[in-house]
Amino acid sequence: MAKARVLTPKSESFPDWYQDVIAKAELAENGPARGTMVIRPYGWAIWERMQAEVDRRIKDAGAQNAYFPLFIPESYLHKEAEHVEGFSPELAVVTHGGGKELEEPLVVRPTSETVINAYFSKWLQSYRDLPLLINQWANVVRWELRPRLFLRTTEFLWQEGHTCHASEADARDYALRILSEVYEQFMVDVLAIPVLTGAKTENERFAGADQTWTCEAMMGDGKALQMGTSHLLGQNFAKVFDTQFLTEAGEREYAWQTSWGVSTRMVGGLIMVHGDDAGLRLPPALAPVQVVVVVVRDEGGAGEKAEALAKQLKAAEIRTELDARDTPFGRRAVEWELKGVPVRIELGPRDIASGNAIVVRRDRAEKETTPLDGLPVRLPEVLDEIQQSLMQQAKDRQEHRTADVATVGEAVGAARTGFARMPWDGAGELEDKLNQEGVSVRCLRRTDGSVPLSSDEDDLVAVVARAY
RNA sequence: CGGGGAGUGGCGCAGUGGUAGCGCACCUGCUUUGGGGGCAGGCGGUCGGGGGUUCAAAUCCCCCCUCCCCGACCA
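From a predicted model like this one, the values you see are computed outputs, not experimental measurements.

(A) Broad picture of the pairing of strand β6 (residues 100-108). As judged from the 3 bridges shared by strand β4 (residues 71-73) and β6, these two strands associate in the antiparallel manner. The partner of Phe71 across the bridge, within β6, is Val108. If you look at the hairpin formed by strand β5 (residues 92-97) and β6, you'll find 2 residues sitting between the two strands, and Gly98 has a positive phi there, around 60°.

If you want it as structure tokens, here you go:
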């Protein structure tokens, strides 16, 4: 039986392929209102795993979770000039409540710097209260003209961290710590996505920040996706919300602040980095289901053996699912491939007779025969190999599709298939020209690849690309 | 918001003025199960919405809405 075409091939149309994966893997679909998204159980399981891993790292970095309101008085947004200017075009504003027009409109939070500062200003009294490290998991709304599931939806889910520090240096250190120890480490170790960390240009900076840093990743089509950002807010919000503390010397000083976030956009990135023409491919460290045990045909004790094996693997803390459904084998195989489950174990009467199982790796089209007894030992190794192989494949692509260039013309050419690295002029003329060609500066890095403390440093390298 | 494409059953589509169809999916039964199996029988649609032309509109005209692609804005 010939393989039926399951998805639009990536090479034919990457956007169609992306949508097909989301539909066929049952990750999400559009909500009834434009730009909204229904996240289906399997998509949610992936997001839950991301949340758990990011949350743990945030707590390791010392922050505590809290929750602030969805509705923010409109006047709060207006207190910080650049902030409101940046967000005005994408605000959803509530003007009526309880059947009456409100005295003051409420904005649905696009981010929570303002409302959180209103409370930080009450909570923060003394240098002894610092650092004040708060995170919240929430939904936010930014009106989008061109929504795309996971990548750009009007409502999306994220975590937003908000912190206060005694000095600019402390705040900067913390923003950079989150960038590397939480975001970069999570993306590399769990998502198996190589990311480029660096500073944003002034042009690309968060509205109201002194400095923005970013994690950028290359998607399967060579375009860039911003996977996470961390900001040094300086004293901009502290000044307008009067967030002050008494120093050891007894003087009043405005707090130095940061904010940082990652969102459901990461799910889109995960799809576009690892997915192939058979569907999603999930790194084992993230996968909600790491191993599926498929009963090919319940004869010769295959069903019983599969159930026992699944139980054994679960006991060994491998996230395992048993598939003993009475539907044709081929259909089920395709389904698990679409969903990107890293390892599929096939058990039928033949295997029971021979004492082996067929182990199928999702990272490459290969089946291997493994003794049944050896599986509990072998599987953790296989999962680890898959994790590494997905990372290696993503890394190879990123390297092969990144070119060092000298001119805008060359950069635009390189950006058709990937990234370009070029010397940064520091003035922004380069950026204007690139932007006119549909290419943007994704981040600025030092020549040795490390993250600059500021976009104003000398001798920086600009990484430029087309972006989502 | 500018340019281009498209809205017909859950999904994909055909249907240029005359009884709304096909494939897949779904349901029932039998048979199957080692890569989306086979046979038989079924359920399911105010043709995106509103208005107009006509004896008659999925089809022609007007307005609106939505989705997709490419641009400008963004996590």
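Next, the rest of the story.
(B) Spotlight on the domain arrangement of chain A. What the domain assignment reports for chain A is domain 1 (14-274), domain 2 (291-389) and domain 3 (402-465). Between the C-alpha centres of domain 1 and domain 3 there is a distance of 25 Å. Across the contact, 23 residues belong to domain 1 and 20 residues belong to domain 3. The contact between domain 1 and domain 3 buries some 1700 Å² in all, and 56% of this surface belongs to carbon and sulfur atoms. Put simply, domain 1 and domain 3 have 2 salt bridges between them. Taking the shortest distance from any N to any O, the salt bridge between Arg442 and Glu216 comes out at 3.0 Å. Only α6 (168-189), β9 (196-199), β10 (211-218) and β11 (224-234) provide two or more residues apiece to the side of domain 1 that touches domain 3.

(C) Examining the side chain of Glu90 more closely. Position of Glu90 among the secondary structure elements: in the loop between α4 (81-87) and β5. Buried charge without a salt bridge: Glu90, with Arg142 as the nearest opposite-charge side chain at an N-O distance of 5.4 Å. Excluding anything up to four places from it in sequence, Glu90 contacts Val141, Arg142, Trp143 and Glu144.

(D) Expanded view of the pairing of strand β17 (residues 343-347). In terms of burial, β17 is largely enclosed, as 5 of its 5 residues are buried. Here β17 shows a buried face lined by Val343, Ile345 and Leu347 and a second buried face lined by Arg344 and Glu346. Strand direction decides the pairing type here: strand β15 (residues 291-295) and β17, joined by 5 bridges, are parallel. Counted as the bridge partner of Val292 is Arg344 from β17. Taken together, the 4 bridges between β17 and strand β18 (residues 356-361) define a ladder with antiparallel strand orientation. Bridge pairing in β18 links Ile345 to Val359.

(E) Highlighting helix α2 (residues 41-60). With 20 residues, α2 extends 28 Å from end C-alpha to end C-alpha; this agrees with the ideal 28 Å at 1.5 Å per step. For α2, every residue scored as buried is listed here: Tyr42, Gly43, Ile46, Trp47, Arg49, Met50, Glu53, Val54, Asp55, Arg57 and Ile58. Among the residues trailing α2, Gly62 stands out with phi positive, at a value near 95°.

Thresholds, definitions, all that
- Residue positions are given per chain, counting from 1 as you read along its sequence in written order.
- All chains are assigned letters beginning at A, and all ligands numbers beginning at 1, according to the order in which they are written.
- Predicted model: local features are reported for residues with pLDDT of at least 70 only, side-chain atom pairs are reported and counted for 80 or more only, and whole-chain, interface and lining totals are derived from all residues.
- The basis for the side-chain values is all heavy atoms of the structure; hydrogens and waters are excluded.
- DSSP-based pairing: two strands are paired if at least 2 bridges between them are found.
- In this text, helices come from DSSP runs of H or I with a minimum length of four residues, and strands from runs of E with a minimum of two, each type numbered from the N-terminal end.
- Note that domain bounds follow an automatic or database assignment of domains.
- Any two residues whose heavy atoms approach within 4.5 Å at even a single point are treated as in contact.
- Summed over both partners, the accessible area lost on bringing two parts together, with a 1.4 Å probe, is the buried area.
- The rule for a salt bridge is simple: a side-chain nitrogen of Lys or Arg has to be within 4 Å of a carboxyl oxygen of Asp or Glu.
- Per-residue accessibility, obtained with a 1.4 Å probe over protein chains only, is compared with the maximum for each type, and a residue is labelled buried under 20%, exposed over 50%, and partly exposed between these values.
- Only four residue types enter the tally: Lys and Arg on the positive side, Asp and Glu on the negative side; His and the chain ends are excluded.
- Multiplying 1.5 Å by the helix residue count minus one yields the expected span of that helix.

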